[in-house]
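# Tertiary structure, described
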Amino acid sequence: MGSENNKHVVSFFDPAFEPLSIDRGEMLSEVLDASNSPLLFGCRTGICGTCVIEVEGELPEADDEEKELLEIYAPDNPKARLACQIELNSDLRVRPLNFE
Ligand code: FES
């Protein structure tokens, strides 16, 4: 799995969903929906916690507001992030945590 041009690959632990090639810099919340991914979004502004996912890949550190929410929804999971706050800058493998 590699990056080509200005695209990155977002793949899913759930084999029912095909990996997606997405432009660098896109917000995941703008390109993913229930038809192309297992991820769910609610507020899309980092408040509701609907979009908590586990991520494999490189991401910048979460800001303080995101960290606060992750401490509530996914304590002790260092791979947890809010999907709606992710701007794509590397290949990622993700799965929703709200289905566990
Ligand atoms: S969709 Fe509400 S926190 Fe991400």
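Below you will find a few notes about this structure. If you're wondering where the values come from, they're calculated on a predicted model, not measured in any experiment.

The next point concerns the overall build of the protein chain. Check the secondary structure of the protein chain and you find 2 helices and 5 strands. Ordering the α and β elements of the protein chain from the N terminus gives β-β-α-β-α-β-β. A compact globule built from 100 residues should have a C-alpha radius of gyration of about 13 Å, and the protein chain, at 13 Å, falls within 12% of that. For the protein chain, the C-alpha atoms occupy an extent of roughly 35 × 25 × 25 Å along the three principal directions. In the protein chain, which comprises 100 residues, the proportion classed as buried is 21%. A separation of at least 24 residues holds for 59% of the contacts in the protein chain among residues at least 6 apart in sequence.

Its identity as a non-glycine residue notwithstanding, Arg44 has a phi of 60°, on the positive side. Tracing the chain through its elements places Arg44 in the loop between α1 (28-31) and β3 (52-57). When the 17 C-beta atoms within 10 Å are taken as the criterion, Arg44 is described as partly exposed. The backbone of Asp76 shows a phi angle near 65°, a positive value even though the residue is not glycine. Tracing the backbone through its elements, the reader meets Asp76 in the loop between α2 (64-73) and β4 (80-82).

Further remarks concern the nonpolar core. In globular proteins that are soluble, nonpolar side chains generally tend to be buried together. Counting residues in hydrophobic clusters, the biggest one holds 17 residues, and the most contacted among them are Leu39, Cys51, Ile53, Ala83 and Val94. For this core, the secondary-structure elements that each account for two or more residues are β1 (7-12), β3 and β5 (92-96).

The next subject is the sheet that holds strand β2 (residues 20-23). Here we have 5 strands laid out as an open sheet, ordered β2-β1-β5-β3-β4, and mixed in their pairing. Sheet topology places β2 and β4 at the edges, where each strand pairs with a single neighbour. Each neighbouring strand pair of the sheet contributes to a mean axis angle of 40°, computed without reference to strand direction.

Of note, Glu71 is situated in helix α2. Judged by local crowding, Glu71 falls into the exposed class, with 11 C-beta atoms found within 10 Å. Here the alpha-carbon distance between Glu71 and Arg24, two residues 47 residues apart in the chain, equals 28 Å.

Turning next to the pairing of β5. The sheet contact formed by β1 and β5 spans 3 bridges and is parallel. When the bridges of β5 are listed, Ser11 appears paired with Arg93. Here β3 runs beside β5; their pairing, made up of 5 bridges, is antiparallel. Residue Gly57 lies in a different strand from β5, and its bridge partner there is Leu92.

As for its position among the elements, Ile72 is in helix α2. Along the backbone, Ile72 and Gly49 are 23 residues apart, and their C-alpha atoms lie at a distance of 8.8 Å.

Time to look at the environment of Leu70. Structurally, the position occupied by Leu70 is in helix α2. Spatially, the C-alpha atom of Leu70 lies 7.6 Å from that of Leu82, the residues being 12 residues apart in sequence. With near-sequence residues (within four places) excluded, Leu70 lies in contact with Ala62 and Ala80.

The rules behind the values
- Residues numbered from 1 in each chain as written.
- Predicted model: local features only at pLDDT ≥ 70, side-chain atom pairs only at ≥ 80, totals over all residues.
- Helix = DSSP H or I, 4+ residues; strand = E, 2+ residues; numbered from the N terminus.
- Rg over C-alpha atoms; globule rule 2.2 N^0.38 Å.
- Buried ≥ 20, exposed ≤ 12 C-beta atoms within 10 Å, placed from the backbone.
- Contact = placed C-beta atoms within 7 Å.
- Core = buried A, V, L, I, M, F, W, Y, C linked by C-beta atoms within 7 Å.
- Pairing = 2+ DSSP bridges.
- Axes fitted to C-alpha atoms, helices over the stretch in contact; angles between N-to-C directions.

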